[in-house]
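So the chains spell out like this:
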Amino acid sequence: MHGCLQCELACSYEHEGVFNPSRSRIRVFTFHQEGRFVPYTCTQCAEAWCQQACPVDAITLNSETGAKDVNDSACVGCKVCTIACPFGTVNYNHSTGKVIKCDLCGGDPKCVSACPTQAIVYVDADQTGYEKMRQWAKETDNNPSASA
Amino acid sequence: MSWTGKILRVNLTEGSVNAEPLNMEWAQQYLGQRGLASKYLVEETDPKCDPLGPDNKMIMATGPLTGTMAATGGRYSVVTKSPLTNCIACSNSGGFIGAEMKHAGWDMIIFEGKSPSPVYLYVEDDHAELVDASEIWGTSVWYTDEWLHNRYQDPLLRISAVGRSAESGCLYAGIINDLHRAAGRSGVGTVMASKNLKAVAVRGTLGVGNIKDPARFMQVVNENKVILAENPVTGQGLPAYGTQVLMNVINEIGALPARNMQEVQFDGAHDISGEAMHEPRKSDGKPNLTTNAACFGCTIACGRISTIDKGHFTVENKAKYWGNSGGLEYEAAWALGADTEVNDLDALTYANFLCNEDGYDPITFGATVAAAMELYEMGVITDEQTGGVAFNFGSAEALAKAAEWVATGEGFGKELALGSKRLCEKYGHPELSMTVKGQEFPAYDPRGIQGIGLNYATSNRGACHVRGYTVASEVLGVPVKTDPLVTEGKPELVKAFQDATAAVDSSGLCLFTTFAWDMTNIAPQLDAACEGEWTPEKLVELGERVWNMERQYNMQAGVTKADDTLPERLKSEEGAARTGPAKGRYSEVEKMLPEYYEKRGWNEDGVPTDETLNRLGL
């Protein structure tokens, strides 16, 4: 996580055909004093506030990817979803009059393949903890001779 | 086509801001950034003009790949006439403002004239205006950055600014962007301040959407990102240690100048090295280095983010220096440290923070302090000038004081702010200024690395490593290993590096990619993105064209063959290296120079021949 913004460029290019961080669905935040960079995007809530708030049912579940997708032809740009989302990951695009949010690129997120440091990875939501578990398991001292 | 095709012309005398089309014919010949901005400068200004007068212009320029997803595609250049060297100046910076300028729809911003009162330029996409800067004139870059962010309530506003050093006439003031990235050398910030221009604040939301062949572009960009990741320098060395990976390496080969270049090795090199930045401090157990950081679009991420020990004497009771900020890079660590023989990492980091906070070049500053220390130890400069501060080599206190003085232009800082050439001349010892054309050397000794000495002597902006970094070949073996101690073959090597560098500096990409890439990697990225046909051969020729154009500008400004040389200390037996693998060696620059001129197609006085100029379309 070094703040290169390759994820933002990949995202805006994939969705809008333009290299433009201000049109990216993923954003990297810099905390200068602390020397930290944090990428942040939609967590695809199971019971999505944005989806429930939408008055025209423009946000729907993509059953293949689990993403909550915005249907541009239905979206009226009322922005209620941007208020409903507790994490701020749905945002309004004034040039189209629609909202934009992460749609997991249909199952092949371009931010992941663009990231040079594997700071962003795409894993099955049912297994997000396994890699951490593996790391801790590796630390566990279960050598029989050590406990003898 | 990847250029936006638009220039913003700002006339500071009149207070006007106008859009005009980019000269696309020139874009095909000079590409962007360094090359294209230099073409505009050459066409629009008199090389004999006063660098700090209203007739000089200052151009901020992006390259065609700036703002795209090409790895490291975030560079911009500032081109103007230098008040330090009286030569053409081109200072290159990363960070984020270059890409932001491009995303706002501008290839270049040309500043001309001089504002009657302090102003800053605010750009938001198509909208651009000059705004009164009286509230921030007389403040630091860091204060200005915070003030502008607060004023516009926009955390994504990208800002370039000058600090108090530039305002008070320091001849090596830089332009700092994004708090700690710098168009650092040759006094480009001094020029900006002379125009009463405090800052440039840019917000771009249009992006780059006119890539010639997007599918091919993404493919070649991705292929070349992999090459950077797999290369040991760009994939491992630079992210882990930054450019500071070099400190111990260069010291070991006996090419780390010390004591104002009296020596070629420094006992304290390890204490100020990239490795030392990782070691826990005794006082608080934390290392100097917090993390590495990337500029826009960069997959190398060589930037250093560091802290100073809160208990260190330089920052006691000064909370604003307790957080993270831009840490030491190799050239800065060398000039602030080895050349002054100060081995206190936190003191160096403090001086580096001040260089960023008030915008001045740590290389020239450190080397000037080193020259002052030599004069002090000779008894030429005394406590009377230094206000009682003992100015001995190795004194961290003297370094910290000097940094504070130059930041604001107070006391002895006024003299240090003029650079070593003017300082040493004033005190009757011009031979102690370690400069070429008035600009101080960076961190590679020409006694131990012969090629780099020839590059320094012939560099169009005075002593500079990033005009032709033959260290890559002579030390690191990129693209092929050559012996640093021999002169044979070096004129050709220097020319090749200088021309290639001029092309890279015109593209929007970072020179550091060339540890892993050559023109065959860069040309396909340009070719997929830009109108026209971009081959490696065309790029090399373009680089040579840029080099010769800069040379012509300098000759018209008054440069002659006599300026293509090194200080006596570095090229005479008396000054020969006293330790290390280069022991007994001195720079044989004068032996190499005639062959260099010949390879360049210049006559024996270093003037480009008509044949050469015609060949390059100049």
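Residues numbered from 1 in each chain as written. Chains lettered and ligands numbered in written order. Predicted model: local features only at pLDDT ≥ 70, side-chain atom pairs only at ≥ 80, totals over all residues. Heavy atoms only, no water.

**Points about the interface of chain B and chain A**
Operational definition: Throughout, a contact is declared for two residues whenever any of their heavy atoms are within 4.5 Å. Here the buried area means the combined drop in accessible surface, using a 1.4 Å probe, for two parts upon being joined, counting both sides. Any pair of nitrogen or oxygen atoms within 3.5 Å is treated as a polar contact; in protein, a donor-acceptor pairing is required on top of that, and neighbouring residues in sequence qualify only through side-chain atoms on both sides. For helices the rule is a DSSP run of H or I covering at least 4 residues; for strands it is a run of E covering at least 2, with both sets numbered from the N terminus onward.
If you look at the interface, chain B gives 39 residues, while chain A gives 23 residues. Between chain B and chain A the total buried area reaches about 2100 Å² when both faces are included, carbon and sulfur atoms providing 58% of it. By the criterion of area lost to chain A, the three top residues of chain B are B:Met69, B:Thr205 and B:Asn324, representing 22% of everything that side buries. Joining chain B to chain A, the criterion identifies 13 residue pairs in polar contact (both at pLDDT 80 or more). Breaking the side of chain B that touches chain A down by element, the ones donating at least two residues are helix H7 (214–230) and strand S13 (289–293) of chain B.

**Section: the sheet that holds strand S12 (residues 197–203) of chain B**
Residue and element names in this part refer to chain B. Threshold: Criterion used throughout: strands pair if DSSP finds at least two bridges between them. Axes here refer to lines fitted to C-alpha atoms; in helices the fit is confined to the stretch in contact. Angles between the N-to-C directions go from 0 to 180 degrees.
Strand order in the open sheet made by the six strands is S8-S7-S12-S9-S10-S11, with mixed pairing throughout. Both edges of this open sheet fall to strand S8 (127–132) and strand S11 (181–183), since each of them pairs with a single strand only. Recorded for the sheet is a direction-independent mean angle of 20 degrees between the axes of neighbouring strands. Across four bridges, the pairing between strand S9 (residues 158–161) and S12 is antiparallel. Paired with Ala161 across the two strands is Ala199, which belongs to S12.

**A few points about the pattern of salt bridges**
Residues and elements named next belong to chain B. Rules: Between Lys or Arg on one side and Asp or Glu on the other, a salt bridge is scored when a side-chain nitrogen of the former is within 4 Å of a carboxyl oxygen of the latter. Working definition: with a 1.4 Å probe on protein chains only, accessible area under 20% of the residue-type maximum means buried, over 50% means exposed, and in between means partly exposed.
All told, the structure shown has 49 salt bridges over all chains when counted by the stated rule. Here Glu43 and Lys39 are joined by a salt bridge, their closest N and O atoms 2.7 Å apart. On the criterion of helical spacing, the pair formed by Glu43 and Lys39 is a turn pair, its members being four residues apart in helix H2 (residues 33–44). Judged by its relative accessible area of 11%, Lys39 is buried. For Asp154, the salt bridge goes to Arg203, with nearest N and O atoms at 3.0 Å. On the criterion of sequence distance, the pair formed by Asp154 in the loop between helix H4 (141–152) and S9 and Arg203 in strand S12 is long-range, its members being 49 residues apart.

**Regarding the packing of aromatic side chains**
Selection rule: The criterion for an aromatic pair is that two Phe, Tyr or Trp rings (for Trp, the six-membered ring) have centres within 6.5 Å, with stacked assigned to planes under 30 degrees apart, edge-to-face to planes over 60 apart and tilted to the rest. A positively charged side chain is recorded as over a ring if its NZ (Lys) or CZ (Arg) lies within 6 Å of the ring centre. The angle to the ring normal must also be within 35 degrees.
For the structure on display, the rule yields 24 aromatic pairs over all chains. The interplanar angle of 50 degrees and the centroid separation of 6.5 Å between the aromatic rings of B:Trp3 and B:Trp534 together place this pair among those described as tilted. Here B:Trp3 is found in the segment before strand S1 (6–11), whereas its partner B:Trp534 is found in the loop between helix H20 (519–529) and helix H21 (536–557), with 531 residues between them in sequence. Across the pair, exposure class does not vary: B:Trp3 and B:Trp534 are buried alike. When the centroid spacing of 6.5 Å and the interplanar angle of 85 degrees are considered together, the rings of B:Phe96 and B:Phe296 count as edge-to-face. Remark: B:Phe296 occurs in the loop between S13 and strand S14 (303–306) and B:Phe96 occurs in the loop between strand S5 (88–93) and helix H3 (97–103); sequence separation between them is 200 residues. Among the aromatic side chains, those forming a connected cluster through ring pairs are B:Tyr330, B:Tyr444, B:Tyr469, B:Phe512 and B:Phe515. Here the guanidinium or amino end of A:Lys79 rests over the ring plane of A:Tyr92, the centre of that ring lying 4.4 Å away. Over the face of the ring belonging to B:Tyr30 we find B:Arg545, whose NZ or CZ atom lies 6.0 Å from the ring centre.

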